[in-house]
Amino acid sequence: MKAIAIRLKLTLLYFAMFATAACLLSLASWWMLRRSVDSTEYHDLHERTEDVQALLAQQSPNTSIEDMQKIFASIYTIRDDGKWLQVKDQDGNWLYRSRRMLAENPDLPLPDGLPARGTTSEFLQGNHYVRTLAFPIQVKGKRYSVQTGVGLNKSMALVASFCTNLLVLTPAVILLAAVGGHYMSRRALRPVANLAAEARLINDRNLDMRLPVPKAKDEISDLALTLNQMLERIDRAFVSVKAFTGNASHEMRSPIALLRTEIEVALYRPRDNEDYREILSRMHDETIHMTNLVENLLSLARADGGVEAMALMPIKVNQLFDQIRQSWGKTMQLSMLQFNVEMQPDDSVVLGDPSSVQRLLSVLLENANKYTPPGGSVTLTAVLSRECINIVVRDTGIGISRDDLPRIFDRFYRADQTGDRRSRGSGLGLALGKWIAECHGTELTVESELGVGSSFSVSLRRPNIDSRELNRESNLHLQRRS
Ligand code: ADP
């Protein structure tokens with residue numbers, strides 16, 4: 001089914017409401033008029049019956065039927081002959097019958113045959129619609145049936161003219177309701193239309209623009225605020241993507257330019273083998289740096305895209321440490337660093353994604369290796385607690401200043417290094433490490449003192465706690481990133 005536009009929906013709703021109200025009001029007022037006309041007529045008829053009762057009460061109980069007939073005739077023939085009246089006593093003797101009543105000759109039961117509230121009936125006499133009330137009365141121990149009548153033409157004309165007015169007025173009100181509904185829905189939706197017009201002006205070049213928030217606290221101001229918050233997030237993401245792309249291109253340009261210079265210098269004149277070896281070795285270092293850079297960039301891009309999946313599983317700490325000792329021992333030795341790996345006395349296990357945990361430790365060890373001068377030491381250790389195992393990489397390197405500490409986890413951030421070529425980094429390692437830690441439901445922390453050394457630690461959970469919860473946290477993190 002085709003969706004109806006909200007403005008049309010509102011118009012129809014207003015229209016339906018007003019139209020129903022107008023119809024109900026018309027019906028109710030017609031019904032109330034009929035009721036009050038009916039009750040006035042009933043009272044009229046009843047009053048006349050009371051007149052008859054008063055007349056009968058004035059007579060002595062010994063008055064004969066004939067005298068009674070004369071008294072009624074003398075009073076009612078003059079006063080009320082044009083009207084409808086007949087009176088009968090309990091024995092069936094007529095005391096009075098008006099001409100009009102005689103002409104119609106309606107049935108009048110004996111008083112005992114009439115209900116206490118009387119009974120009404122209607123008939124058409126010539127052009128007159130007549131309503132009668134036959135009522136039982138009791139006067140001085142004797143019962144009578146009194147039937148009075150009243151012409152309905154006047155009240156019928158009144159009701160009819162009222163109906164005609166209603167029939168003209170109601171459609172007019174309904175038409176007004178339709179126009180009013182259209183106007184009201186336009187008015188009600190105008191703030192939304194204004195908001196949409198403002199939102200349409202925002203594009204990728206002016207993402208810092210915000211929608212005006214109405215002063216009144218209502219749904220529209222709520223919507224504007226929510227959209228502004230969304231714009232804020234998009235703006236921040238957009239700026240960070242732009243910065244990431246800019247920084248990434250810049251980072252890639254330097255090693256490529258270096259390689260090119262090395263090659264151009266090498267080709268400038270013929271050289272001996274030793275020279276070529278030296279140049280190739282420098283080029284090799286450069287390609288390693290480029291490979292690391294590209295790998296880190298790729299991982300962060302995957303992390304942003306939410307495609308880097310983490311499968312948490314038990315990892316034996318001693319096994320992990322052993323692998324690390326084997327792969328990093330030689331490198332540390334070449335850097336003239338003492339590398340200590342403190343193995344655990346028991347077979348401790350942590351929950352983690354093996355390759356990611358290894359990657360995180362590689363980042364930390366590479367930094368320790370880069371930023372610790374020869375003769376220093378790097379220690380990899382694990383501190384056990386009831387629920388977690390805290391893995392720590394400590395070095396006796398150059399340390400990090402207080403100013404740099406809060407920023408070292410930012411992408412592409414590098415503290416000012418005066419170190420040699422070895423220490424060239426991309427500023428992505430710790431950003432990646434921080435992301436890996438967050439995916440494991442924990443964080444990467446640092447303590448450092450300039451000139452004394454640094455200590456990076458990450459607390460991984462032991463598998464005896466609910467691993468499903470851990471997986472969920474990790475997935476949540478991945479979703480949040482995406
Ligand atoms: P980089 O590739 O530059 O090492 P990282 O993100 O790994 O990038 O580190 C960011 C910055 O943090 C580094 O440039 C360095 O200044 C500082 N840093 C990281 N680890 C250490 C450490 N062990 N000792 C001293 N400074 C460190």
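From a predicted model like this one, the values you see are computed outputs, not experimental measurements.

The rules we used
Residues numbered from 1 in each chain as written. Predicted model: local features only at pLDDT ≥ 70, side-chain atom pairs only at ≥ 80, totals over all residues. Heavy atoms only, no water. Pairing = 2+ DSSP bridges. Helix = DSSP H or I, 4+ residues; strand = E, 2+ residues; numbered from the N terminus. Axes fitted to C-alpha atoms, helices over the stretch in contact; angles between N-to-C directions. Domains from an automatic or database assignment. Contact = heavy atoms within 4.5 Å. Buried area = accessible area lost by both parts, 1.4 Å probe. Salt bridge = Lys/Arg side-chain N within 4 Å of Asp/Glu carboxyl O. Polar contact = N/O pair within 3.5 Å; in protein donor to acceptor, adjacent residues only side chain to side chain. Nonpolar A, V, L, I, M, F, W, Y, C, P; charged D, E, K, R; others polar. Phe/Tyr/Trp six-rings, centres within 6.5 Å; stacked < 30°, edge-to-face > 60°. Buried < 20%, exposed > 50% of the residue type's maximum accessible area, 1.4 Å probe, protein only. Parallel < 35°, antiparallel > 145°, perpendicular 65-115°, else oblique. Left-handed = near helix turned anticlockwise from the far one by under 90°.

Asker: How do you make sense of the sheet that holds strand β3 (residues 119-125) when you look at a structure like this?
Answerer: Hydrogen bonds between backbone atoms are what pair the strands of a sheet, whose relative direction is either parallel or antiparallel. Spatial strand order, β2-β1-β5-β4-β3: five strands in an open sheet with antiparallel pairing. A single partner strand is all that each edge strand has here, and the edge strands are β2 (94-97) and β3. The sheet shows a mean angle of 15° between the axes of neighbouring strands, taken without regard to direction. Sheet analysis places β3 next to strand β4 (residues 128-139), joined by seven bridges and oriented antiparallel. Note that in β4 the partner of T119 across the bridge is A134.

Asker: Please clarify how the domain arrangement of the protein chain should be interpreted in this entry.
Answerer: It is common to give the size of an interface as the accessible area lost on bringing the parts into contact. What the domain assignment lists for the protein chain is domain 1 (6-160), domain 2 (206-305) and domain 3 (307-481). Listed by partner, the interface residues are 21 residues for domain 2 and 17 residues for domain 3. Between domain 2 and domain 3 lies a buried interface of about 1,800 Å² when both sides are counted; carbon and sulfur atoms form 50% of it. The three residues of domain 2 that bury the most area against domain 3 are N296, L300 and A303, which together make up 29% of that side's buried surface. At the junction of domain 2 with domain 3, the criterion picks out zero salt bridges. At the boundary of domain 2 and domain 3, one finds three residue pairs in polar contact (both at pLDDT 80 or more). At the level of elements, α5 (219-268) and α6 (273-305) are the ones that each hand at least two residues to the side of domain 2 that touches domain 3. Per element, the largest residue contribution to the side of domain 2 that touches domain 3 is 15 residues, and it comes from α6. Tallied by class, the residues present in the side of domain 2 that touches domain 3 amount to seven nonpolar, six polar and eight charged.

Asker: What's the story with the packing of aromatic side chains in this structure? I'm lost.
Answerer: The way to describe two aromatic rings as a pair is by their centre distance and the angle between their planes. Per the counting criterion, the structure on display carries four aromatic pairs. Ring geometry for Y76 and Y96: centres 5.7 Å apart, planes at 40°, overall tilted. Remark: Y96 occurs in strand β2 and Y76 occurs in helix α2 (residues 65-80); sequence separation between them is 20 residues. Looking at Y76, the relative accessible area reads 3%, which means it is buried. By relative accessible area, which is 6% here, Y96 ends up buried.

Asker: Is there a simple way to think about the packing of helix α4 (residues 153-200) against α5 in this case?
Answerer: Two packed helices can be described by the angle between their axes and the distance between those axes. Contact pair α4 / α5: the axes reach a minimum separation of 10 Å and the direction vectors enclose 15°. Judged by the inter-axis angle, α4 sits roughly parallel to α5. Along this stretch, α4 crosses α5, giving a crossing that reads as right-handed. Touching P191, V192 and L195 of α4 are I220, L223, A224 and L227, all from α5. Of the residues belonging to the contact of α4 with α5, the class tally is seven nonpolar, no polar and no charged.

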